[in-house]
Structure formats: C-alpha cells, structure tokens
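Remarks on the overall topology
Listed below are the residues making up each chain.
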Amino acid sequence: MIEYHYTAGFRLDDESLYSDWINRVIVSENFKPGSISYIFCDDAYLLDLNMRHLNHDTLTDIITFDYSENGCIAGDIFISFERVMDNAKEYKVSGDEELHRVMAHGLLHMMDYNDKTKEDIEVMRQKEFEKMKMFHVEQ
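Residues numbered from 1 in each chain as written. Predicted model: local features only at pLDDT ≥ 70, side-chain atom pairs only at ≥ 80, totals over all residues. Heavy atoms only, no water.

**Considerations on helix α2 (residues 43–54)**
Compared with an ideal rise of 1.5 Å per residue, which puts twelve residues at 16 Å, α2 spans 15 Å between its outermost C-alpha atoms and is within 8% of the ideal. Taken residue by residue, α2 has Asp-43, Leu-46, Leu-49 and Asn-50 as its buried positions. Considered in projection along α2, the buried side chains sweep an arc of 125° and stay on one side of the axis. Turned more than 90 degrees off the buried face of α2, the exposed positions are Ala-44 and Arg-52. Residues of α2 that are buried make contact with β2 (32–41), β3 (62–66), β4 (72–80) and α3 (81–91). The N-cap of α2, judged by a side-chain oxygen 3.3 Å from the amide nitrogen of Ala-44 a few residues on, is Asp-42. Looking one or two places after α2, you find Asn-55, whose phi comes out positive at around 55°. (Helix = DSSP H or I, 4+ residues; strand = E, 2+ residues; numbered from the N terminus. Expected span 1.5 Å × (residues − 1). Buried < 20%, exposed > 50% of the residue type's maximum accessible area, 1.4 Å probe, protein only. Arc of directions from axis to C-beta. Contact = heavy atoms within 4.5 Å. Polar contact = N/O pair within 3.5 Å; in protein donor to acceptor, adjacent residues only side chain to side chain.)

**Regarding the sheet that holds β3**
Either a parallel or an antiparallel arrangement is found when strands of a sheet pair, and the pairing is made through backbone hydrogen bonds. One open sheet holds the four strands; their spatial order is β1-β2-β4-β3, and the pairing between them is mixed. The two strands at the open ends of the sheet, each matched to only one other strand, are β1 (2–6) and β3. Each strand of the sheet is rotated relative to its neighbour by a mean of 15°, with strand direction disregarded. In this sheet, β4 lies alongside β2 in parallel orientation, the contact comprising eight bridges. For Cys-41, the partnering residue across the bridge sits in β4 and is Ser-80. The strands touched by helix α4 (residues 95–110) are β1, β2, β3 and β4; relative to β4, the strand with the most contacts, the crossing angle is about 140°. (Pairing = 2+ DSSP bridges. Axes fitted to C-alpha atoms, helices over the stretch in contact; angles between N-to-C directions.)

**Description of the nonpolar core**
Within the largest apolar cluster, 30 residues are counted, with the highest numbers of intra-cluster contacts made by Tyr-4, Ile-22, Ile-36, Tyr-38, Phe-40, Met-103 and Leu-107. Sorting the residues of this core by element identifies β1, α1 (15–28), β2, β4 and α4 as the ones contributing at least two each. Here this core gets seven residues from one element, more than from any other, and that element is α4. Not counting residues up to four positions away in its chain, the partners in contact with Ile-22 are Ile-2, Tyr-4, Ile-36, Tyr-38, Met-103 and Leu-107. (Core = buried A, V, L, I, M, F, W, Y, C linked by side-chain atoms within 4.5 Å.)

**Regarding the pairing of β3**
In the case of a regular strand, side chains alternate between the two sheet surfaces. Sheet analysis places β3 next to β4, joined by five bridges and oriented antiparallel. The partner of Ile-62 across the bridge, within β4, is Ile-79. Hairpin connection, β3 to β4: the antiparallel pair is bridged by five residues, and Asn-70 has positive phi, about 50°.

**Some thoughts on helix α5 (residues 118–133)**
Between its terminal C-alpha atoms α5 stretches 23 Å, which fits the 22 Å expected from 16 residues at 1.5 Å a residue. Turning to α5, its buried residues number three or more, namely Met-124, Lys-127, Glu-128, Lys-131 and Met-132. Viewed along the axis of α5, the buried residues span an arc of 135°, placing them on a single side of the element. Exposed side chains of α5 directed beyond 90 degrees from the buried face belong to Lys-118, Glu-119, Glu-122 and Lys-133. Contacts from the buried residues of α5 go to α1 and α4.

Quick look at the structure:
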C-alpha cells in the first residue's frame, strides 16, 4: 500500500498515477510492494529530521527510512518539495522530472542501490533515469 502525506502546500495531482508507477518500479527490480509512505514537506521539516536522525546539519531533498524485509519494499520517504524545485532550477529540468527522479531515488535506496562511491552514483543515476521513463508508460 502506498500512502501520501503532505505537510506543505504541495499535493500530487493524481496519486493513483503515481502509485501505479511506483508499483511497476518495484516489480521491475523483482521486489514486492509493501507499505510505503511518501511524506512531502518543506526544507525546515526535512532539516529537522536530518539533524535529529542523521546528525547532519544540511539541507537535503530526500531522506529514506527503509523497513524492507524479505524482498518486500517498505519504508517512509520524506521529500522536501522546496529543495526539489530549487534543484530543478539548478539542473535546468522541469519540476516534475526532478520530482520523479527523487521519488525513484528513495525507492532505489530501499532496493539496495547506494550513492556513496563514484561507481554507486553512476549506477544510481542510470537506474533513476530508467525508472523515470516508466512513469509515462501506460499499462
């Protein structure tokens, strides 16, 4: 089950469209969908989480809490919509494109993809773009 929570003024236009895409992303990596919550918040909310749980005093676009077990993807994915929109401007992409990238990024972390080394980052970016393309594929 995929749930969406909002603590800022942002809301997804069509949650069912996103849920369908997220489920297809998970299945495409040979995992099963479990309980996943996307929490859309502002920079201040995510900074507080980052400091309290990770001891990082920096802004970030996403924090993923992974509760996956036995091939079943589950967790909480916190996304700062402010940071996503700022990153979209910085990288000269649409807000939707950056949002899809970040949403896929959180899932990929729960599927054991990392972004600590240069090689890991390269694989993560390839997977993000592969999964972003799936958003517009009708089933």
